[in-house]
Amino acid sequence: MKDNLKKFWIKNHKKFILATTVVLILIGLANFFFIFEVTAQSNDECLWVMKKSVEWDSVSVIFDKVKEGGVTWQAGIRDGDQLLSIDGFRIKNTIVASRVLDKIQSGDYATYQILKDGKVLEVKVLVKKLINFGGLAFALLSFIWVIVGFIVVMAKSEGRAQLAFYRVGIAATLFAMLSMLYRGQQVLNPIFENIYLLLTVDTLWTLGGVFFPFLLIHFFSLFPKEISLINRKWFNRTLTFGPYVIFAIVYGIKILFVFKEKGNDKIYTILASVIGLLVGLGLIVGLVLLFINYVKLQTKQERNAIFVILVSYLVSVVAIVFTTTLAAQLATNIFNDPYYFMPILLIALLPIAFGYSIFRYSLMDVSEVVKNTIVYGAATVSLAGIYFFIIYLIGQYISAVIGTEYQGAIAGVVFVLFAVVFQSTKDKFQDYLTEKFYPEQFSFQIRLLTFSNEV
């Protein structure tokens, strides 16, 4: 039985890796969709504060820290004014206010009814959008890492370092799913409408967050050279069993104190912070291991290959430390000064640096043949995409100029005509790419075509 499974894996493991990569890319795209479309928060550049009135035994929403020169300030609203309604919807609390304002698109105006100096006024406020920079940063990191990891693992699917690198991308993608739950029920999120979907997403991001630091440390124990610790039993056992133990503890706490208590947000937030701290600690340990390995490298060529990765890794860690510590001190709040929190996006440089070094210096056994195949494929797809896009634009432009009721049909005819006219130009570019990357194959094709014409 064991031998049969091993044979099956050897025969089909590349297909499994391909299928896994497709699923991971789809999850990555879903992460981006939720970040930009579902959980993006409308921003009026101020804070809303809940204030309880003892006299009237009611709760009101008060404007606070209104940004000077911001959109709310320009509408004439100042600190201490009360928010009564948005676009006719009466505001009872900040959750209702957020849900109403989130429905308004960026660049549109919302009608605020406010209580100012004892008078009820209506003002127009321009709406901006604020995205989850932390979630976007990790979504970018995981998405790029999976693509680079797929190239690496397909080049040598049985390599220890290659598989370790790919596993880091899997864990990073799962952890990035935390962005799907950003802001909880303050936003109308379809995930929260299905308990099974909610539990699935929660389980996956928790798994990814717990496993990511251990997998990252394991990878940098193998790359660029194996360190002596990798041969110690206690080190290997910690990396192997550690994440399972932590996951069991975290999920046990969730079952006892979050799920049974019908959503204890405070404990859930603490657990998420602990996992985030674990991820940060894993990144720091990985940086230390990479630096130690870099110092031990003997040749200049080896150091040049790793230097770009080391610098980008250092920038990523500095960006995380700045965003989680100094940014909050420098900014009034994220709504008024979002740019202080944007450096976290620099962590996406890490997988980009890996991709550059892998292609530039053929790291992790990515050969010239593999590199040429990938670049040729990307160039061919890009050429086809540009070609059809230009043809589409020309067709749309001509049909718009003519401006008849048969605009769609005319656009289609023009599309076909220009596609035929420019087909030869496209073929010439395609031949150029083939000659550039595969000169022997191109020469063989030319000779074969010449021979067939003569026959």
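Preceding this paragraph is the structure being described.
This report concerns the structure included in the present document. Note on numbering: residues in each chain are counted from 1, in written sequence order. Only residues with pLDDT of at least 70 get local features here, since the model is predicted, and only at 80 or more are side-chain atom pairs given and counted; chain-wide, interface and lining totals rely on the full set of residues. Computation of side-chain values covers all heavy atoms of the structure but excludes hydrogens and water.

## Details of the nonpolar core
We apply this condition: Remark: nonpolar core denotes a set of buried residues (Ala, Val, Leu, Ile, Met, Phe, Trp, Tyr, Cys) joined through side-chain atoms within 4.5 Å. When a residue's accessible area, from a 1.4 Å probe over protein chains only, is under 20% of the maximum for its type it is buried; when over 50% it is exposed; and in between it is partly exposed. Put simply, DSSP marks the helices as runs of H or I at least four residues long and the strands as runs of E at least two long, and each gets a number from the N terminus on. By definition in these notes, contact holds between two residues if any of their heavy atoms fall within 4.5 Å.
Phe138, Phe212, Phe219, Phe220, Phe223, Tyr313 and Phe354 are the most contacted members of the largest nonpolar core, which has 80 residues in total. Within the residue set of this core, elements represented by two or more residues are α1 (2-38), α4 (133-155), α5 (160-176), α6 (195-222), α7 (233-259), α8 (265-296), α9 (300-324) and α11 (349-361). Take this core: its biggest share by element is 13 residues, from α6. Once you skip the residues sitting within four places of it in the chain, tyrosine 313 turns out to touch Leu216, Phe220, Gly282, Leu283, Gly286, Leu287, Leu290 and Leu350. By size, the runner-up hydrophobic cluster in this structure holds 21 residues, among which are Trp48, Phe63, Ile104 and Ile114.

## Thoughts on the packing of α6 against α8
In plain terms, the rule: Fitting a line to C-alpha atoms yields each axis, with helices limited to the stretch in contact; the angle taken between N-to-C directions then spans 0 to 180 degrees. If an angle is under 35 degrees, it is roughly parallel; if it is over 145, roughly antiparallel; if it lies from 65 to 115, roughly perpendicular; otherwise it is oblique. By definition, turning the near helix anticlockwise from the far helix through less than a right angle yields a left-handed crossing, and turning it clockwise yields a right-handed one. Polar here means any residue outside two lists: the nonpolar Ala, Val, Leu, Ile, Met, Phe, Trp, Tyr, Cys and Pro, and the charged Asp, Glu, Lys and Arg; Gly therefore counts as polar.
Here α6 crosses α8 at 15°, and the two axes come no closer than 8 Å. Our classification of the angle between α6 and α8 gives roughly parallel. Like other packed secondary-structure pairs, α6 and α8 cross with a definite hand, here left-handed. Facing Asp202, Trp205, Thr206, Gly209, Val210, Phe212, Pro213, Phe214, Leu216, Ile217, Phe220 and Ser221 of α6, the residues of α8 in contact are Tyr268, Ala272, Ile275, Leu278, Val279, Gly282, Leu283, Val285, Gly286, Leu289, Leu290 and Asn293. Of the residues assigned to the contact of α6 with α8, the class counts are 17 nonpolar, six polar and one charged.

## Re α11
What counts here: Take the residue count of a helix, subtract one, and multiply by 1.5 Å to get its expected span.
For α11, spanning 13 residues, the distance from its first C-alpha to its last is 18 Å, which sits close to the expected 18 Å at 1.5 Å a residue. By the burial criterion, the buried members of α11 are Leu350, Pro351, Ala353, Phe354, Gly355, Ser357 and Ile358. A positive phi of about 55° marks serine 362, the residue just after α11.

## Here's the deal with α5
Along its 17 residues, α5 runs 25 Å from first to last C-alpha, staying within 8% of the 24 Å computed at 1.5 Å per residue. Summarising burial for α5: 13 of the 17 residues are buried, a large majority.

## A short note on the side chain of serine 312
What counts here: By the criterion applied in these results, polar contacts are pairs of N or O atoms within 3.5 Å in which, for protein atoms, one can donate a hydrogen and the other can accept it, and in which residues neighboring in sequence qualify only through two side-chain atoms.
Of note, serine 312 is situated in helix α9. Side-chain polar atoms of serine 312 contact the backbone oxygen of isoleucine 309, separated by 2.9 Å. Not counting the four nearest positions on each side in its chain, serine 312 is found in contact with Leu349, Leu350 and Ala353.

## Some points on the packing of aromatic side chains
The line we're drawing: For Phe, Tyr and Trp, rings pair up if their centres lie within 6.5 Å, where Trp contributes its six-membered ring, and each pair is then called stacked (planes under 30 degrees apart), edge-to-face (over 60) or tilted (otherwise). Remark: a charge is flagged as sitting over a ring if the NZ atom of Lys or the CZ atom of Arg is within 6 Å of the ring centre and within 35 degrees of the ring normal.
This model, assessed by the stated rule, comprises 22 aromatic pairs. With a centroid separation of 5.6 Å and 50° between ring planes, the pair formed by phenylalanine 223 and phenylalanine 354 is classed as tilted. In this pair, phenylalanine 223 sits in the loop between α6 and α7 while phenylalanine 354 sits in helix α11, placing the two residues 131 residues apart along the sequence. Judged by relative accessible area, phenylalanine 223 falls into the buried class, the value being 4%. Overall, phenylalanine 354 belongs to the buried group, its relative accessible area being 0%. Ring-pair connections join several aromatic residues into one group, and the members of that group are Trp145, Phe165, Phe219, Phe220, Phe223, Tyr313 and Phe354. When the ring centre of phenylalanine 89 is taken as origin, the NZ or CZ atom of lysine 103, which lies over that ring, is 5.9 Å away. Positioned above the aromatic ring of tyrosine 361, the side-chain terminus of arginine 360 is 5.0 Å from the ring centre.

## Topic: the layout of surface pockets
To be explicit about the condition: Buriedness for pockets is judged along seven lines, at least five of which must meet protein on both sides within 12 Å for an open set on the 1 Å grid over protein atoms alone, while cavities are sets there where a 1.4 Å probe fits but cannot get out, and lining residues have an atom within 4 Å of a point. Grid points are joined across faces, edges and corners, and a volume is the space filled by probe spheres set on the points.
In this model, the second largest pocket occupies a volume close to 440 Å³. Residue lining of the second largest pocket: 23 residues in total, with Phe36, Ala40, Lys128, Lys129 and Leu130 positioned closest to the centre. Tallied by class, residues from the lining of the second largest pocket come to twelve nonpolar, three polar and eight charged.

## Considering unusual backbone geometry
Following phenylalanine 223, the chain continues into proline 224 via a peptide bond in cis, with omega recorded as -5°. Checked against the element boundaries, proline 224 lands in the loop between α6 and α7. In this structure, aspartate 87 is a non-glycine residue whose phi angle is positive, near 50°. For aspartate 87, a relative accessible area of 37% translates into the label partly exposed. Phi at aspartate 117 takes a positive value of approximately 55°, unusual for a residue other than glycine.

## Here's the deal with the pairing of strand β7 (residues 119-126)
Our working rule: Strand pairing follows a simple DSSP-based rule, namely that at least 2 bridges must link the two strands.
Two strands pair when backbone bridges link them, and strand β6 (residues 109-116) and β7 are joined in this way by eight bridges, in the antiparallel orientation. Bridge pairing in β7 places tyrosine 109 opposite leucine 126. Hairpin connection between β6 and β7: a loop of two residues separates the two successive antiparallel strands, and aspartate 117 in this loop has a positive phi of roughly 55°.

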